[in-house]
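Spelled out from the first residue to the last, the chains are:
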Amino acid sequence: QQPVQSPQAVILREGEDAVINCSSSKALYSVHWYRQKHGEAPVFLMILLKGGEQKGHEKISASFNEKKQQSSLYLTASQLSYSGTYFCGTSFWGFSDYGGSQGNLIFGKGTKLSVKP
Amino acid sequence: ETGVTQTPRHLVMGMTNKKSLKCEQHLGHNAMYWYKQSAKKPLELMFVYSLEERVENNSVPSRFSPECPNSSHLFLHLHTLQPEDSALYLCASSQDSRGYGYTFGSGTRLTVV
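Because the structure is predicted, anything quoted here is derived from the model rather than measured. (Residues numbered from 1 in each chain as written. Chains lettered and ligands numbered in written order. Predicted model: local features only at pLDDT ≥ 70, side-chain atom pairs only at ≥ 80, totals over all residues. Heavy atoms only, no water.)

Caption draft 1: Quick look at the state of the cysteines. Residues and elements named next belong to chain A. Applying the stated criterion across every chain yields a total of two disulfides over all chains. Here Cys 22 connects covalently by a disulfide to Cys 88, the sulfurs 2.0 Å from one another. Looking along the S-S bond of the Cys 22-Cys 88 disulfide, the torsion reads about 75 degrees, which is the right-handed sense. Residue Cys 22 is located in strand β3 (residues 18-23), and its partner Cys 88 is located in strand β9 (residues 84-91); the two are separated by 66 residues in the primary sequence. (Disulfide = S-S within 2.5 Å. Helix = DSSP H or I, 4+ residues; strand = E, 2+ residues; numbered from the N terminus.)

Right under this line is the structure:
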């Protein structure tokens, strides 16, 4: 039930905007977004729970469309520090326990973002 | 320092060796995870521990054996590995696995020769 990310890679100039999409074939409970720089650990950006909310983090924001089973990450006025691989992680469980998995994340293949000066 | 510490950072082992990876967190989190990250593949969930009890074993070969002696420590014991097991092994923790972000360690880069 791996989520599908698009695009696979994107190259930007500083100051440009980008959108990264994450879609699932299964109903989602939550979507997480992480950024991983080369040789480093993935870093948590934000989490969106079902309910169609939108969140923001500096110039990075995300939306979650429960009906379409997808989330989008918006990067505005990109900076060099935004370069890295962005992963979405999805979980499919609600607050009630299902006697086993408790909402463990399944990650997409990632989107490599390169911001050039 | 991310709050989750993994040792060693790099490990080279032969196929007949036995080694262990260690993960430590002092964030007060209740859930800990092992993920495998191979080149050009997504992060693959291997094991999940919640309150020191294993709640997930994602069809991982028995040559990988996890151990969680307390809520702060997680081990991955390795024996008779194959070259295709070479990868970056990431440990992560979260408050619990329902609606909280994960904190990842820097990983152990494993090479099986």
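Back to the write-up after that little detour.
Caption draft 2: Up close: empty space enclosed by the protein. Residues and elements named next belong to chain B. In this structure the tally under the stated criterion is one cavity of 30 Å³ or more. Together, Gln 25, His 29, Asn 30, Ala 31, Met 32, Tyr 49, Leu 51, Glu 52, Cys 68 and Ser 71 line the largest cavity. Taken together, the residues that form the lining of the largest cavity break down as five nonpolar, four polar and one charged. (1 Å grid on protein atoms, 1.4 Å probe; cavity = no way out; pocket = protein on both sides within 12 Å on 5 of 7 lines; lining within 4 Å. Points joined across faces, edges and corners; volume = space filled by probe spheres on them. Nonpolar A, V, L, I, M, F, W, Y, C, P; charged D, E, K, R; others polar.)

Caption draft 3: Spatial organisation of the confidence of the model for chain A. Residue and element names in this part refer to chain A. Overall, the prediction assigns chain A a mean pLDDT of 85, with 85% of residues at 70 or greater. Here strand β6 (residues 54-57) stands out as the element of chain A with the lowest mean pLDDT, 66, in contrast to strand β2 (residues 9-13), whose mean of 97 is the highest. Considering only residues more than four positions removed or in separate chains, one finds that residues 94-102, a stretch of pLDDT under 50, has 16 contacts. (pLDDT = per-residue confidence, 0-100. Contact = heavy atoms within 4.5 Å.)

Caption draft 4: Looking closely at the pairing of β3 of chain A. Residue and element names in this part refer to chain A. Alternating positions in β3 separate cleanly, Ala 18, Ile 20 and Cys 22 being buried on one face and Val 19, Asn 21 and Ser 23 remaining unburied on the opposite face. As defined by bridge partners, strand β1 (residues 4-6) adjoins β3 across three bridges and the pair is classed as antiparallel. Bridge pairing in β3 places Gln 5 opposite Cys 22. By the bridge criterion, six bridges tie β3 to strand β8 (residues 70-75) in an arrangement that is antiparallel. Bridging from a neighbouring strand, Ile 20 pairs with Leu 73 of β8. (Buried < 20%, exposed > 50% of the residue type's maximum accessible area, 1.4 Å probe, protein only. Pairing = 2+ DSSP bridges.)

Caption draft 5: Quick look at the environment of Pro 3 of chain A. Residue and element names in this part refer to chain A. One can find Pro 3 in the segment before β1. Once the C-alpha coordinates of Pro 3 and Gly 110 are considered, the two residues, 107 residues apart in sequence, prove to be 9.8 Å apart. Excluding anything up to four places from it in sequence, Pro 3 contacts Cys 22, Ser 23, Cys 88, Thr 90, Ile 106, Phe 107 and Gly 108.

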